[in-house]
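Chain residues, written in single-letter form:
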Amino acid sequence: GAVVSQHPSRVICKSGTSVKIECRSLDFQATTMFWYRQFPKKSLMLMATSNEGSKATYEQGVEKDKFLINHASLTLSTLTVTSAHPEDSSFYICSARGWTSSYEQYFGPGTRLTVT
Amino acid sequence: RKEVEQDPGPFNVPEGATVAFNCTYSNSASQSFFWYRQDCRKEPKLLMSVYSSGNEDGRFTAQLNRASQYISLLIRDSKLSDSATYLCVVGRSGQNFVFGPGTRLSVLP
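Conventions we followed
- Residues numbered from 1 in each chain as written.
- Chains lettered and ligands numbered in written order.
- Predicted model: local features only at pLDDT ≥ 70, side-chain atom pairs only at ≥ 80, totals over all residues.
- Heavy atoms only, no water.
- Contact = heavy atoms within 4.5 Å.
- Buried area = accessible area lost by both parts, 1.4 Å probe.
- Salt bridge = Lys/Arg side-chain N within 4 Å of Asp/Glu carboxyl O.
- Polar contact = N/O pair within 3.5 Å; in protein donor to acceptor, adjacent residues only side chain to side chain.
- Helix = DSSP H or I, 4+ residues; strand = E, 2+ residues; numbered from the N terminus.
- Nonpolar A, V, L, I, M, F, W, Y, C, P; charged D, E, K, R; others polar.
- Pairing = 2+ DSSP bridges.
- Axes fitted to C-alpha atoms, helices over the stretch in contact; angles between N-to-C directions.
- Phe/Tyr/Trp six-rings, centres within 6.5 Å; stacked < 30°, edge-to-face > 60°.
- Buried < 20%, exposed > 50% of the residue type's maximum accessible area, 1.4 Å probe, protein only.
- Lys NZ or Arg CZ within 6 Å of the ring centre and 35° of its normal.

Across the boundary between the two partners, chain B contributes 19 residues, which contact 19 residues of chain A. Between chain B and chain A, roughly 1600 Å² of surface is buried when both sides are summed, and carbon and sulfur atoms account for 52% of that area. At the junction of chain B and chain A, the tally comes to 0 salt bridges. The tally of links between chain B and chain A comes to 3 residue pairs in polar contact (both at pLDDT 80 or more). Residue assignment for the side of chain B that touches chain A shows that the elements contributing at least two residues are strand 4 (32-38), strand 5 (44-49) and strand 10 (97-99) of chain B. If you tally residues by element for the side of chain B that touches chain A, the top one is strand 4 of chain B, at 4 residues. Across the side of chain B that touches chain A, the residue classes break down as 8 nonpolar, 7 polar and 4 charged.

Let's shift gears to the side chain of Gln69(B). Residue and element names in this part refer to chain B. You can see glutamine 69 is positioned in the loop between strand 7 (60-65) and strand 8 (70-75). Reaching out from glutamine 69, the side chain makes a polar contact with the backbone oxygen of tyrosine 25 at a distance of 2.8 Å. Sequence-distant contacts of glutamine 69, defined by excluding residues within four places in its chain, comprise Cys23, Thr24, Tyr25, Ser26, Asn27 and Ser28.

A separate point is the sheet that holds strand 7 of chain B. Residues and elements named next belong to chain B. Strand order in this open sheet of 5 strands is 1-3-8-7-6, and the pairing throughout is antiparallel. Two strands bound the open sheet, and with one partner strand each, they are strand 1 (4-6) and strand 6 (55-57). Across this sheet, the average inter-strand angle for adjacent strands is 15°, counted without regard to direction.

Throughout the structure, instances matching the rule amount to 14 aromatic pairs over all chains. With 6.0 Å between their ring centres and 65° between their planes, Phe28(A) and Tyr106(A) make a pair best called edge-to-face. Pair noted here: Phe28(A) is in the loop between strand 3 (19-25) and strand 4 (32-38) and Tyr106(A) is in strand 10 (residues 106-107), with a separation of 78 residues, a long-range link. Note on Tyr106(A): relative accessible area 29%, which makes it partly exposed. Ring centres 4.9 Å apart and planes at 45° place the aromatic pair Tyr25(B) and Phe33(B) in the tilted group. Through a chain of ring-to-ring contacts, three or more aromatic side chains come together here, namely Tyr36(A), Phe107(A), Phe34(B), Tyr36(B), Phe97(B) and Phe99(B). Note that Lys66(A) overlies the ring of Phe67(A), its terminal NZ or CZ placed 5.9 Å from the centroid.

As far as function goes, none of this settles anything; it's purely spatial.
Shown next as structure tokens:
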């Protein structure tokens, strides 16, 4: 159980375009989803936390107008990187937490974004 | 000071060795603690939760010392497949996770 999927797994886009990444919890309802980014050989950095049906909470330094997060249902959250630039190239990983009292988060397989 | 600190390694150990990692955290109000493992270019996977009483899962033992604010992970009888980066993860208020930078382990044949 506790499977999280992400789509696409890899995407290459041109500067100035927007890219949408989907995160789905396949076998449980995710009350909270988290979006992280990871640069090579660096740790995961939390970008934002989203609760179903409400606005995402962004970490300091993360531009909410650039990284649009939508958590429209209990099984789907999307991250849209708007007007992408080469410095946005990174590994984006989502995680999800369900209704249980456990704090455990289950991670999606990640999306590798390359902006040319 | 970073909120979660780990020795980045790498730790290069022979198969069968016992290896231990430590992690320190600065926020005394931290509520939950985990060890995750991350393989190269893959997502982190939960290895084990860390409880106040400590816990053991096969060859892996995790300990929590709240007074000194550190967490440890002990791996016995290392296997080649244990080679990975081990991430110390601390849950803070609001249940957000803070990740340590990770400790790289290479188990050598």
